[in-house]
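The chain contents come next:
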Amino acid sequence: MKTFVKSSLLILTLLLCAWRAFPAPQEKTTAEGKEHSQTLTLFNEKCARCHGEDGRGQTVIGQMVDAPNFTDEDWWNEEKNERRFVRSITEGKDAMPPFGKKLTRAEIRALAAYVKTFRKK
């Protein structure tokens, strides 16, 4: 019986040490979720007025300036990459104003990456 108790305590101790040595992946997920949430808020504040929260460009202003429908697969082609989006956000394009002096480079890169999430696979 003593051997069983000692073995059980040893196993429990090892399991506890292993559990504490590997933090839960939720920490990374929480950080990624917070970053995504901040980008979503930024998109809604700076872009959704024309592009719509759903990326379809079907807002009053979006229809007036012919904002693209980011969810339309036909709109996407090889030229539509993150680098191009960074340039368009920074310098502006057609009726879209430049945001290069209003947003940080990190914010612009995050928005460029976010636009790609509207593309249907």
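Refer to the structure above for everything that follows.
The following refers to the structure shown. Every value quoted in this text rests on a predicted model; they were computed, and no experiment measured them. (Residues numbered from 1 in each chain as written. Predicted model: local features only at pLDDT ≥ 70, side-chain atom pairs only at ≥ 80, totals over all residues. Heavy atoms only, no water.)

**A few points about a nonpolar patch on the surface**
And step 1. Taken together, the side chains of Val60, Ile61, Met64 and Val65 present a nonpolar region at the surface, about 390 Å² in accessible area.
And step 2. The partly exposed category is assigned to Ile61, whose relative accessible area is 33%. (Patch = residues over 30% accessible without salt bridge, like charges linked within 9 Å, V, L, I, M, F, W, Y side chains within 5 Å. Areas by Shrake-Rupley, 256 points an atom, 1.4 Å probe, with all protein chains shown as cover. Salt bridge = Lys/Arg side-chain N within 4 Å of Asp/Glu carboxyl O. Buried < 20%, exposed > 50% of the residue type's maximum accessible area, 1.4 Å probe, protein only.)

**What about the nonpolar core?**
And step 1. Grouped together as the largest cluster of nonpolar side chains are 16 residues, with contacts concentrated most on Phe43, Phe85, Ile89, Leu103, Leu111, Val115 and Phe118.
And step 2. Per-element accounting of this core gives the leading share, 5 residues, to helix H6 (residues 105–115).
And step 3. Contacts of Leu111, omitting those with residues within four sequence positions, involve Thr39, Leu42, Phe43, Cys47, Ile89 and Leu103. (Core = buried A, V, L, I, M, F, W, Y, C linked by side-chain atoms within 4.5 Å. Helix = DSSP H or I, 4+ residues; strand = E, 2+ residues; numbered from the N terminus. Contact = heavy atoms within 4.5 Å.)

**Examining the pattern of salt bridges**
And step 1. This model, assessed by the stated rule, comprises 3 salt bridges.
And step 2. A salt bridge links Arg56 to Asp54; the shortest N-O distance between them is 3.6 Å.
And step 3. For Arg56, a relative accessible area of 33% translates into the label partly exposed.
And step 4. Here Asp54 falls in the partly exposed class, since its relative accessible area comes to 40%.

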